[in-house]
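Residue-level structure breakdown
So the chains spell out like this:
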Amino acid sequence: MAVILQVALDFVDLHRAVKVAQEAIEGGADWLEIGTPLIKSEGMNAIRHFRKLFPAVTLVADMKTMDAGRTEVEMAAKAGANIAVVMGHAPDSTIRECIEAGRNYGIKICVDFMNDSKIDEHITNIEKWGADYIAVHTAIDDQMHGETPFNMLQRIGSKVKIPIAVAGGINSENVLDTVNAGASVVIVGGYITKSKNAKVAAESIKNAIRENRRICTTLFKRVTPEEVRDALMKLSTANISDGSHRAEGITGLYPIYTNMKLLGNAVTVRTYPGDWAKPVEAIDIAKEGDIIVIDAGGTGPAVWGELATHSALQKKIRGVVIHGAMRDVAEIRKLNFPAFTKMVMPMAGEPKGFGEINVPIRISGIQINPGDWIIGDDDGLMVLPQSEADIMVNYGMDCLEKENRIREEIISEKSSLGKVIDVLKWEKR
Ligand SMILES: O=C([C@H](O)CO)[C@H](O)[C@H](O)COP(=O)(O)O
């Protein structure tokens, strides 16, 4: 049996979901999923709308039912859905009610095991009760923490007789793994809905399956801690801030030239105003790829200049951040050495040797620990604690991907941000 491509329309706005659905169907998508966010935003009217626009397409209502199974399945069925989703975590009575109601109203039922440890012991019952599909699903939020549905799918693939659907970060690179592990329905959300061209994205999923090959993608995949540097190269400080619930960055320091990308792990220095001994010693301690982050009390005299920069370049240090002052800025610009500073002045201090290297420091209220990731660009500086960097990067990537799609919609439809995201509708009341 051919593998079915189900496109998960996880939008909050109907018009955007419709546009992606049209593109995806052109690209060969088989089923359309009215995603949970869309159902929460628009209710059953979303299903009615899609039924009218796509009369012949199988519509999946991702209700994520947890209770009142009969009522929710009846609503979805009467609105025009062909399949409704109940959670594997729901009480057994709710799952059974959904299955019964499904039979009564002529709609199929998919039991969604989202990161569910109960799945192994539950499968036999679910099949016995008459569910039509089982879904193995990794939540979007868990994907950001590096989780995937592949292990669970591998484990249960051979045990299940009814068709298995799989969801959670599926893209053109990994879709083959899901098919090889026994998935009959591949549920693809972000890879298609955030693509600049959903038709091309749907086609590449279909091609990967048909041609039994991995089609590489640089976006729409989450990173491990080892992959943080490469991913940060693609991101801006704004992406990181957005992804971390509008997290604040270091404020009051500025890049000495524009179009700069500062990226590396912090070697921290606490020194006294004008005392450049520890900053210079830190150059000998830092490794290739590091950034020296200096707290010099936010004032002059300068603790960094051209000779320090030449030394840093010898060691392939990626840049410097100074809560204090630097000098020789024209030369440092010519050397293309990324530097952020609070002040610029000609007067240097002297090397007294006070302070410490690689201790926690605070600049503008933001704590920086040795080893933290520092990213800087024209918008400012963000600090990513080492233990959370992969998660912050993954949420930042999600923001970048969403923005890419919105930008494309603005340009291709000669529209505006306000119209595309329906800003009036979402103003706070
Ligand atoms: O069902 C989904 C999620 O719970 C939000 O409603 C997604 O549609 C599903 O995970 C597929 O999306 P991607 O993981 O972005 O492919």
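About the cut-offs
- Residues numbered from 1 in each chain as written.
- Predicted model: local features only at pLDDT ≥ 70, side-chain atom pairs only at ≥ 80, totals over all residues.
- Heavy atoms only, no water.
- Helix = DSSP H or I, 4+ residues; strand = E, 2+ residues; numbered from the N terminus.
- Contact = heavy atoms within 4.5 Å.
- Areas by Shrake-Rupley, 256 points an atom, 1.4 Å probe, with all protein chains shown as cover.
- Lys, Arg positive; Asp, Glu negative; His and termini not counted.
- Charge placed at Lys NZ, Arg CZ, Asp CG, Glu CD.
- Domains from an automatic or database assignment.
- Core = buried A, V, L, I, M, F, W, Y, C linked by side-chain atoms within 4.5 Å.
- Buried < 20%, exposed > 50% of the residue type's maximum accessible area, 1.4 Å probe, protein only.
- Pairing = 2+ DSSP bridges.
- Axes fitted to C-alpha atoms, helices over the stretch in contact; angles between N-to-C directions.
- UniProt positions renumbered as here; feature names shortened; annotations may be inferred.
- Left-handed = near helix turned anticlockwise from the far one by under 90°.
- Nonpolar A, V, L, I, M, F, W, Y, C, P; charged D, E, K, R; others polar.
- Salt bridge = Lys/Arg side-chain N within 4 Å of Asp/Glu carboxyl O.
- Phe/Tyr/Trp six-rings, centres within 6.5 Å; stacked < 30°, edge-to-face > 60°.

**Concerning the overall build of the protein chain**
Regarding its fold elements, the protein chain presents 18 helices and 19 strands. Taking the principal axes of the C-alpha coordinates as reference, the protein chain spans close to 85 × 50 × 45 Å. Contacts in the protein chain between residues at least 24 apart in sequence constitute 72% of all its contacts with a sequence separation of at least 6. For the protein chain, the exposed area adds up to about 19400 Å²; of that, 51% sits on carbon and sulfur atoms. Taking the average location of the 50 positive side-chain charges in the protein chain and that of its 57 negative ones, the two points are 3 Å from each other.

**A look at the environment of Glu226**
Its location among the elements puts Glu226 in the loop between helix 11 (198–210) and helix 12 (228–234). Sequence separation between Glu226 and Asn82 is 144 residues, and the spatial gap between their C-alpha atoms is 43 Å.

**What about the domain arrangement of the protein chain?**
Each assigned domain of the protein chain is listed here: domain 1 (4–211) and domain 2 (227–390). Just the C-alpha atoms count here: the centres of domain 1 and domain 2 sit 46 Å apart.

**Here we look at the nonpolar core**
For soluble globular proteins, the rule of thumb is that nonpolar side chains tend to be buried together. With 89 residues, the main nonpolar core has Phe50, Ile192 and Leu232 as its most contacted residues. There are two domains that each give this core at least three residues, and those are domain 1 (4–211) and domain 2 (227–390). In contact with Leu232, not counting residues within four places along its chain, are Ile240, Lys261, Leu263, Trp373, Ile375, Leu384 and Val393. Grouped together as the second largest cluster of nonpolar side chains are 40 residues, Ile250, Ile283, Ile317 and Ile363 included.

**What to know about the sheet that holds strand 2 (residues 31–34)**
Overall, parallel pairing links the eight strands, which are arranged 1-2-3-4-5-6-7-8 in a closed barrel. Strand-to-strand twist of the sheet, defined as the mean angle between neighbouring strand axes without regard to direction, takes the value 25°. Of the pairings in the sheet, the one linking strand 2 to strand 3 (residues 58–65) comprises four bridges and is parallel in character. For Trp31, the partnering residue across the bridge sits in strand 3 and is Thr58. The sheet contacts of helix 3 (residues 44–53) involve strand 1 (4–9), strand 2 and strand 3, and relative to strand 3 the element is tilted by about 170°.

**Focus: the UniProt feature "binding site: Mg(2+)" (unreviewed entry) in the protein chain**
As recorded in UniProt, the sites labelled "binding site: Mg(2+)" (unreviewed entry) are Asp328. With respect to the helices and strands, the residue Asp328 is situated in the loop between strand 13 (319–326) and helix 16 (329–334).

**Quick notes on the packing of helix 4 (residues 69–79) against helix 5 (residues 92–105)**
Packing of helix 4 against helix 5 leaves a shortest axis separation of 8 Å and a crossing angle of 35°. Considering how the two elements wind past one another, helix 4 and helix 5 form a crossing that is right-handed. Of the residues in helix 5, those in contact with Gly69, Arg70, Val73, Glu74, Ala77 and Lys78 of helix 4 are Thr94, Glu97, Cys98, Ala101, Gly102 and Tyr105. Taken together, the residues that form the contact of helix 4 with helix 5 break down as five nonpolar, three polar and four charged.

**Description of the pattern of salt bridges**
According to the stated counting rule, one finds 27 salt bridges in the structure shown. The shortest N-O distance in the salt bridge between Glu42 and Lys425 comes to 2.7 Å. Taken as a pair, Glu42 in helix 2 (residues 36–42) and Lys425 in the segment after helix 18 (417–420) lie far apart in primary sequence, 383 residues in all. We classify Glu42 as partly exposed; its relative accessible area is 23%. Looking at Lys425, the relative accessible area reads 31%, which means it is partly exposed. The closest approach of N and O atoms between Arg213 and Glu211, which form a salt bridge, is 2.6 Å. Residue class for Arg213 comes out partly exposed when judged on its relative accessible area of 41%. Through salt bridges that share partners, Arg16, Lys19, Glu23, Arg405, Glu409 and Glu413 make up one connected network.

**Here's the deal with the packing of aromatic side chains**
What the rule picks out here adds up to five aromatic pairs. On the numbers, 5.6 Å between centres and 15° between planes, the contact of Phe50 with Phe54 is stacked. For Phe54, a relative accessible area of 8% translates into the label buried. Between the aromatic rings of Trp304 and Phe337, the centroid separation amounts to 6.3 Å while the plane-to-plane angle is 5°, which identifies the pairing as stacked. Here Trp304 is found in strand 12 (residues 302–304), whereas its partner Phe337 is found in the loop between helix 16 and strand 14 (339–344), with 33 residues between them in sequence. Of the two residues, Trp304 and Phe337, neither departs from the other in class, the shared state being buried.

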